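Residues per chain, in single letters:
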Amino acid sequence: MSADCIFCGIVDGEIPSRTVYEDDTVLAFLDANPLAPGHTLVIPTDHRETFQDLDDDLAADVFDVLHGLVGTVEAAVDADATTVGFNNGDAAGQEVPHVHGHIIPRFEGDGGGPIHGVAGRRPTLSDEELDDVAADIRAER
Ligand code: AMP
Ligand code: ZN
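Computed from a predicted structure; not experimentally measured.

1. Let's talk about the sheet that holds strand β4 (residues 81–85)
Here is step 1: Taken in spatial order, the five strands make up an open sheet running β1-β2-β3-β5-β4, and their pairing is antiparallel. If you trace the sheet from one side to the other, it starts and ends with β1 (19–22) and β4, each paired once. Taking the axes of each pair of neighbouring strands and ignoring which way they run, one obtains an average angle of 15 degrees across the sheet.
Here is step 2: Note that strand β3 (residues 40–44) and strand β5 (residues 101–106) share three bridges and pair antiparallel. Following the sheet pairing, Leu41 is matched in β5 by His102.

2. A look at the packing of aromatic side chains
Here is step 1: Under the defined criterion, the tally for this structure stands at two aromatic pairs.
Here is step 2: Ring geometry for Phe7 against Phe29: centres 5.3 Å apart, planes inclined by 75 degrees, an arrangement best described as edge-to-face. Linking Phe7 in helix α1 (residues 6–12) with Phe29 in strand β2 (residues 26–30), this pair joins segments that are 22 residues apart in sequence.
Here is step 3: What makes Phe29 buried here is its relative accessible area of 2%.
Here is step 4: Ring centres of Phe51 and Phe86 lie 4.7 Å apart, and the angle between their planes is 75 degrees; on these two criteria the pair is classed as edge-to-face. Placement of the pair is Phe51 in the loop between β3 and α2 (56–77) and Phe86 in the loop between β4 and β5, with a sequence separation of 35 residues.
Here is step 5: Judged by its relative accessible area of 40%, Phe51 is partly exposed.

3. Section: the layout of surface pockets
Here is step 1: Looking at the largest pocket, its volume works out to about 1,000 Å³.
Here is step 2: If you go around the largest pocket, you meet 38 residues; those closest to its centre are Asp31, Leu35, His39, Asn87 and His102.
Here is step 3: Counting residues per element, the ones that place at least two in the lining of the largest pocket are α1, β2, β4 and β5.
Here is step 4: In terms of residue count, β5 provides more of the lining of the largest pocket than any other element does, four residues in total.
Here is step 5: Considered class by class, the residues forming the lining of the largest pocket number 21 nonpolar, twelve polar and five charged.

4. Regarding the environment of Gly71
Here is step 1: Among the structural elements, Gly71 can be located in helix α2.
Here is step 2: Since its relative accessible area comes to 43%, Gly71 is described here as partly exposed.
Here is step 3: Along the backbone, Gly71 and Phe86 are 15 residues apart, and their C-alpha atoms lie at a distance of 18 Å.

5. Considerations on unusual backbone geometry
Here is step 1: Of note, Asp78 is a non-glycine position whose phi angle comes to about 60 degrees, a positive value.
Here is step 2: Mapping Asp78 onto the fold places it in the loop between α2 and β4.

6. Some remarks on the coordination of the zinc ion (ligand 2)
Here is step 1: Listed as protein donors to the zinc ion (ligand 2) are Cys5 (SG), Cys8 (SG), His47 (ND1) and His98 (ND1); their distances from the metal cover 2.0 to 2.3 Å.
Here is step 2: The coordination sphere of the zinc ion (ligand 2) comprises four donor atoms, whose angles at the metal cover 106 to 116 degrees; the geometry is tetrahedral.
Here is step 3: Residue class for His47 comes out partly exposed when judged on its relative accessible area of 21%.
Here is step 4: Judged by its relative accessible area of 0%, His98 falls in the buried class.

What counts, and at which threshold
Residues numbered from 1 in each chain as written. Chains lettered and ligands numbered in written order. Predicted model: local features only at pLDDT ≥ 70, side-chain atom pairs only at ≥ 80, totals over all residues. Heavy atoms only, no water. Pairing = 2+ DSSP bridges. Helix = DSSP H or I, 4+ residues; strand = E, 2+ residues; numbered from the N terminus. Axes fitted to C-alpha atoms, helices over the stretch in contact; angles between N-to-C directions. Phe/Tyr/Trp six-rings, centres within 6.5 Å; stacked < 30°, edge-to-face > 60°. Buried < 20%, exposed > 50% of the residue type's maximum accessible area, 1.4 Å probe, protein only. 1 Å grid on protein atoms, 1.4 Å probe; cavity = no way out; pocket = protein on both sides within 12 Å on 5 of 7 lines; lining within 4 Å. Points joined across faces, edges and corners; volume = space filled by probe spheres on them. Nonpolar A, V, L, I, M, F, W, Y, C, P; charged D, E, K, R; others polar. Donors = N, O, S within 2.8 Å, 3.2 Å for Na, K, Ca; no water. Tetrahedral: all angles 85-135°; square planar, octahedral: opposite > 155°, others 65-115°.

Here's what the structure looks like:
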């Protein structure tokens with residue numbers, strides 16, 4: 001629990017939410033400023049700021065609930081598809097510093113785009129540079 005965290009306030013019941021799922025480790029509720037009807041947020045009940053702060057068990061719990069809810073949300077609002085994602089960290093646009101996955105229902109012709117639109121300028125990387133990046137990622141693991 002983090003005293004000044006909105007989502008911890010929701011977990012504690014101090015801030016109201018439209019809860020759609022809850023268990024011991026995960027809570028899901030409607031986004032208060034939805035991008036589409038059914039826009040749902042899935043959070044760990046314990047305060048963790050970013051993805052990297054989740055241990056394996058909690059990450060699995062959050063993913064399980066996301067996985068279970070995507071189809072449920074689509075069916076409930078009669079969506080054609082969903083965009084599922086996390087803004088992970090300030091530079092990625094994370095505004096609430098408590099890990100949350102977005103389930104955003106999508107509709108044919110809704111005017112939105114794919115997640116390819118979230119980054120800025122695309123880099124131009126040679127095959128060698130791509131090989132190096134892949135090697136760097138493997139080396140970090
Ligand atoms: P992000 O930019 O990924 O941090 O998204 C934060 C999301 O939390 C936004 O979509 C907000 O609309 C949503 N949000 C902020 N406060 C509340 C709240 N009290 N209840 C539900 N959703 C909220
Ligand atoms: Zn929190």
